Amino acid sequence: MTLRRILSLSLAAAALLAPSLAMASSARLAGLVVPGDYVQDETGRFTYLSAHATQGGRVWAEPSASDNNAMGAVVPGLLGKNLGTFAVNLRRWAPSLGQAMYQDPVITAPLGNPDLNTTGEAVSLAWGRTFGTRTVGLSMQRSFVSTKTAAGTTEGNGNLGRNVTGFGLGYGFPLMGREVETAFHWQNRDFKGSSAGTPDATKSTKASTWLLAGRSFMKLNDQLTVVPSVRAYSFDLSYDNVAGTRIKQIISGWQAGLAGNWALGSGSQFILGAQFVNERLDLINTSTNFVRTANMSPNVFAGLESEVQPWLTLRFGARNAVLFNFKDAVTSGPLPSQTIKTHVFAYNAGATVKAGKFVFDATLAPNFYSAPVSGVLKNAFGGQAFPQVSVSYGF
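Residues numbered from 1 in each chain as written. Predicted model: local features only at pLDDT ≥ 70, side-chain atom pairs only at ≥ 80, totals over all residues. Heavy atoms only, no water.

Enquirer: Before we move on, can you summarise the environment of A362 with the specific residues and values?
Expert: Inspection of the secondary structure puts A362 in strand β19 (residues 358-363). Spatially, the C-alpha atom of A362 lies 8.8 Å from that of V391, the residues being 29 residues apart in sequence. Not counting residues up to four positions away in its chain, the partners in contact with A362 are A27, A349, G350, A351, F386, Q388 and V389. (Helix = DSSP H or I, 4+ residues; strand = E, 2+ residues; numbered from the N terminus. Contact = heavy atoms within 4.5 Å.)

Enquirer: Give a detailed account of the pattern of salt bridges, specifying residues and quantitative values.
Expert: Summed over all chains, the structure comprises 9 salt bridges. The closest approach of N and O atoms between E305 and R28, which form a salt bridge, is 2.5 Å. Placement of the pair is E305 in strand β16 (residues 289-309) and R28 in helix α2 (residues 26-32), with a sequence separation of 277 residues. Taking the relative accessible area as the measure of exposure, E305 reaches 7% and is therefore buried. E181 is the partner of R215 in a salt bridge, and the nearest nitrogen-oxygen pair spans 2.8 Å. Of this pair, R215 sits in strand β11 (residues 208-219) while E181 sits in strand β9 (residues 178-190), and the two are 34 residues apart along the sequence. (Salt bridge = Lys/Arg side-chain N within 4 Å of Asp/Glu carboxyl O. Buried < 20%, exposed > 50% of the residue type's maximum accessible area, 1.4 Å probe, protein only.)

Enquirer: Got a sec to walk through the nonpolar core? Specific residues and values, please.
Expert: Formed by L97, A109, L211, Y233, F235, I251, L281, L283, F290 and V330, the largest nonpolar core amounts to 10 residues. Broken down by secondary-structure element, the contributors of at least two residues to this core are β12 (224-236) and β15 (268-284). What A109 contacts, discounting residues up to four positions off in sequence, is P114, Y233, Q255, E279 and M296. (Core = buried A, V, L, I, M, F, W, Y, C linked by side-chain atoms within 4.5 Å.)

Enquirer: Give me empty space enclosed by the protein: which residues, what numbers.
Expert: Scanning the entire structure with this criterion turns up 4 cavities of 30 Å³ or more. Of the voids in this model, the largest cavity is the one considered here, and its volume is about 490 Å³. Considering the residues around the largest cavity, the lining is formed by 37 residues, among which T47, G98, Q99, D104 and R231 are closest to the centre. Broken down by secondary-structure element, the contributors of at least two residues to the lining of the largest cavity are α2, β11 and β12. Sorting elements by how many residues they give to the lining of the largest cavity places β12 first, with 5 residues. Forming the boundary of the second largest cavity are 19 residues, of which F46, R91, Q99, S124 and Q141 lie nearest the centre. At the level of secondary structure, the elements contributing two or more residues to the lining of the second largest cavity comprise β3 (85-91), β4 (123-131), β5 (134-143) and β9. (1 Å grid on protein atoms, 1.4 Å probe; cavity = no way out; pocket = protein on both sides within 12 Å on 5 of 7 lines; lining within 4 Å. Points joined across faces, edges and corners; volume = space filled by probe spheres on them.)

See below:
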């Protein structure tokens with residue numbers, strides 16, 4: 001049996017058997033290893049809310065093996081053509097700010113995933129509408145958990161399980177022949193009690209979380225579109241401990257970059273770009289006072305995907321933080337001051353299978369191409385042939 005035949009059968013099986021996500025497909029981005037802001041045909045509606053205004057109808061789902069489950073729908077004209085497009089997202093876990101799911105599928109933050117809140121999500125709604133050549137989008141999120149016992153009442157589940165009340169605004173407009181998208185997300189995250197079962201005096205300090213993002217699409221010719229993007233964010237995890245002492249813990253950062261999207265014939269594209277990334281962690285508690293900073297100068301990424309059959313697209317990508325600087329400046333506490341200079345490399349591959357109106361995106365195991373049967377499909381060690389799979393249905 002040829003490798004091509006094995007690939008075809010394996011991916012067809014994945015399309016029939018695999019669960020997963022969706023419209024702004026996290027599996028597709030993960031396979032490209034390209035941040036979603038820079039992908040030309042990726043709407044990124046979870047960040048850029050104004051994209052809802054121009055979306056067609058879709059249903060998406062992601063029942064992952066790690067319980068990071070979700071399902072949602074985008075419905076144009078739900079209450080009438082002139083009232084815009086509505087979307088509802090149903091998730092087990094509240095997503096990372098501006099993302100489809102918990103955790104960004106392509107994490108470019110130097111200190112790892114900056115959004116550590118793992119609370120459940122109760123309500124997530126979005127809306128978008130066109131106004132001439134301009135588009136507007138809104139979103140709302142709410143999560144609330146409370147436990148009342150004879151010992152007292154808790155809200156949320158500790159510092160990393162905060163209740164959420166959030167809103168988002170997106171605005172898109174034409175500017176000098178280019179399309180511009182902007183977005184602002186804000187959330188109040190609070191808790192009371194060290195954990196859901198510990199009703200003590202520990203509580204949040206009215207900490208807020210926000211994300212500001214913008215990008216534009218500049219079509220230079222029939223083959224090349226350039227996408228500049230900037231974003232800034234802050235995640236405030238500060239709280240008062242059981243003794244009433246303020247614990248300061250804030251993760252903040254910014255990113256700015258530029259990417260080119262080259263159309264390589266029908267159904268193929270190559271993406272090459274670079275971004276400068278800076279992140280900072282401020283931590284002050286009863287025993288430690290330090291500032292951790294990290295930056296990528298720059299983070300270079302590249303991704304290629306091609307439609308090899310009408311029903312099958314293959315992709316792969318990589319990124320390398322060429323100059324990765326990591327520094328701890330310790331004023332007091334057990335941690336040593338240190339400075340590390342290195343580089344960080346990541347690689348991935350993926351595929352898309354189309355079956356009728358269903359679109360399945362998947363990442364592939366690292367040795368999928370070199371040993372698709374013995375090393376992946378018959379792996380006695382339990383490895384997954386398709387670590388991440390996403391599915392959507394258009395209507």
